[in-house]
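Spelled out, the chains give:
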Amino acid sequence: MPRIGLLTSGGDCQALNATMRGIVKTMINNAHEPVEIYGFKDGYQGLIYGRYDLMKPSDFSGILTRGGTILGTSRTPFKRLNTPEEDGVEKVPAMVKTYQKLRLDCLFMLGGNGSTKTANRLRKEDLNVIALPKTIDNDTFGTDLTFGFTSAVEVATRCIDDIHTTASSHGRVFVIEIMGHKVGWIPLYSAVAGGADVCLIPEIPYDIANVQAAIERRMEAGSRFTIVVVAEGAISKQDAALSKKEYKAKLAERTSPSIAYDLAHQIEQATGRETRVAIPGHTQRGGAPDAQDRIFASQCGVEAALGALEGEYGFMVAQRNGSMCRVPIEEVAGKLKYVDPQSDLVREARALGISFGDE
Ligand code: F6P
């Protein structure tokens, strides 16, 4: 009887349950024998401390549209794997022990970059691990798409849509801060989908003078309002020239809640125009997955399970150029996928008149 483990790690997203449903349905429909399913609670914490439930196939029914994760999740940073002094537990040996105690044939790990790094560590311990690319940020290296991304873009776009009406009524500048950690995928996609005027992303450092000029150009052309989308990880040209250490120290000194407030203040000072901030925050990870995410999550679940049934492990499920494939975990672990400033979408956004604040 195949024995499988499931865990969801890192920040949650809308399509985790849909993905697990895909794995379990595929296992059950194709294994030709009963499958024993262990669900680890709160990500790697469950594997480390032996907290899990023996689950029934019916636990995975009716969850295609349910956001979040029925298993719970947590962040267990890779660097904390070697901190037995915290609680006396050697984390990696503890995970290996739980896996062996349950005599698992395979562990399915639904997680982003940090979590995939840990999965790679477990692979080196000879555990049969399969990674599935979860994150709203779409920054997982080795795959064109991650599940969670399109749903987050949908939420961010709705926020930009909603802000349009109030910005227009009051003739204001709005700075909308969009998630994405160190990359600009959600901000870029939602800026295009929502018709933003300015889009500031980490991959293209901005100059506040260029942002000001873009706003003035728009107002002079007769617009009453301007929508500025700023990635939570956006950076000015000035700050980009600092060393990593200097920039970290600068961030530590920041007294405003986030970049959006600093930027709004700078814009108000520079243009004299009333400027407001809107931050959709964790709503970008909440609610039901959109249709595209449900499809992609299901595809990831199916491909991961089929791999396990074929006895292939140590890979991450990926989508490249529209096709599903398997990528060795060691090739992707610990690497980020950034927006290419020369990509078609950036070029097209510029053609639409969206300013990236770099010129
Ligand atoms: O990785 C997903 C993400 O939502 C990022 O976009 C964001 O920077 C981070 O997680 C927020 O993390 P937390 O939920 O721990 O505040």
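Residues numbered from 1 in each chain as written. Predicted model: local features only at pLDDT ≥ 70, side-chain atom pairs only at ≥ 80, totals over all residues.

**Considerations on the overall build of the protein**
Consideration 1: Within the protein, the secondary structure is distributed over 13 helices and eleven strands.
Consideration 2: Relative to the compact-globule value of 21 Å for 359 residues, the protein shows a C-alpha radius of gyration of 22 Å, a close match.
Consideration 3: Counting over 359 residues, the protein shows a buried share of 48%. (Helix = DSSP H or I, 4+ residues; strand = E, 2+ residues; numbered from the N terminus. Rg over C-alpha atoms; globule rule 2.2 N^0.38 Å. Buried ≥ 20, exposed ≤ 12 C-beta atoms within 10 Å, placed from the backbone.)

**A look at the site of the ligand**
Consideration 1: The local shell around the ligand consists of Gly11, Gly112, Thr135, Ile136, Asp137, Met179, Gly180, His181, Glu232 and Arg285.
Consideration 2: Taken together, the residues that form the shell around the ligand break down as two nonpolar, five polar and three charged.
Consideration 3: A domain-level breakdown of the shell around the ligand finds at least three residues from each of domain 1 (3-148 + 289-332) and domain 2 (153-285). (Near = placed C-beta within 6 Å. Nonpolar A, V, L, I, M, F, W, Y, C, P; charged D, E, K, R; others polar. Domains from an automatic or database assignment.)

**Considering the sheet that holds strand E9 (residues 275-278)**
Consideration 1: The four strands lie next to each other as E7-E8-E6-E9, forming an open sheet whose pairing is parallel. Whereas interior strands pair on both sides, the edge strands pair on one side only; in this sheet they are strand E7 (198-200) and E9. Each adjacent strand pair in this sheet contributes to an overall mean axis angle of 20°, direction not counted.
Consideration 2: Relative to strand E8 (residues 226-231), strand E6 (residues 173-178) runs parallel, the two sharing six bridges. Of the residues in E8, the one forming a bridge with Ile176 is Val229. (Pairing = 2+ DSSP bridges. Axes fitted to C-alpha atoms, helices over the stretch in contact; angles between N-to-C directions.)

**Focus: the UniProt feature "domain: Phosphofructokinase" (unreviewed entry) in the protein**
Consideration 1: When the UniProt feature table is mapped to this numbering, "domain: Phosphofructokinase" (unreviewed entry) covers residues 3-305.
Consideration 2: Segment residues 3-305 splits into 43% helix and 15% strand. End C-alpha atoms: 12 Å apart. (UniProt positions renumbered as here; feature names shortened; annotations may be inferred.)

**Comments concerning helix H6 (residues 185-194)**
Consideration 1: In terms of burial, H6 is largely enclosed, as eight of its ten residues are buried.
Consideration 2: When H6 is considered as a whole, its buried residues turn out to be Trp185, Ile186, Pro187, Leu188, Tyr189, Ser190, Ala191 and Gly194.
Consideration 3: In the core, the buried residues of H6 are packed alongside helix H5 (149-170), E6, E7, E8 and helix H13 (344-351).
Consideration 4: One or two residues past the end of H6 sits Gly195, with phi positive at roughly 70°. (Contact = placed C-beta atoms within 7 Å.)

**A short note on the domain arrangement of the protein**
Consideration 1: Per the domain assignment, the segments of the protein are domain 1 (3-148 + 289-332) and domain 2 (153-285).
Consideration 2: Each of domain 1 and domain 2 has a C-alpha centre, and the two are 34 Å apart.
Consideration 3: On the domain 2 side, the residues contacting the nine residues of domain 1 number nine residues.
Consideration 4: Its residues assigned to classes, the side of domain 1 that touches domain 2 shows two nonpolar, three polar and four charged.

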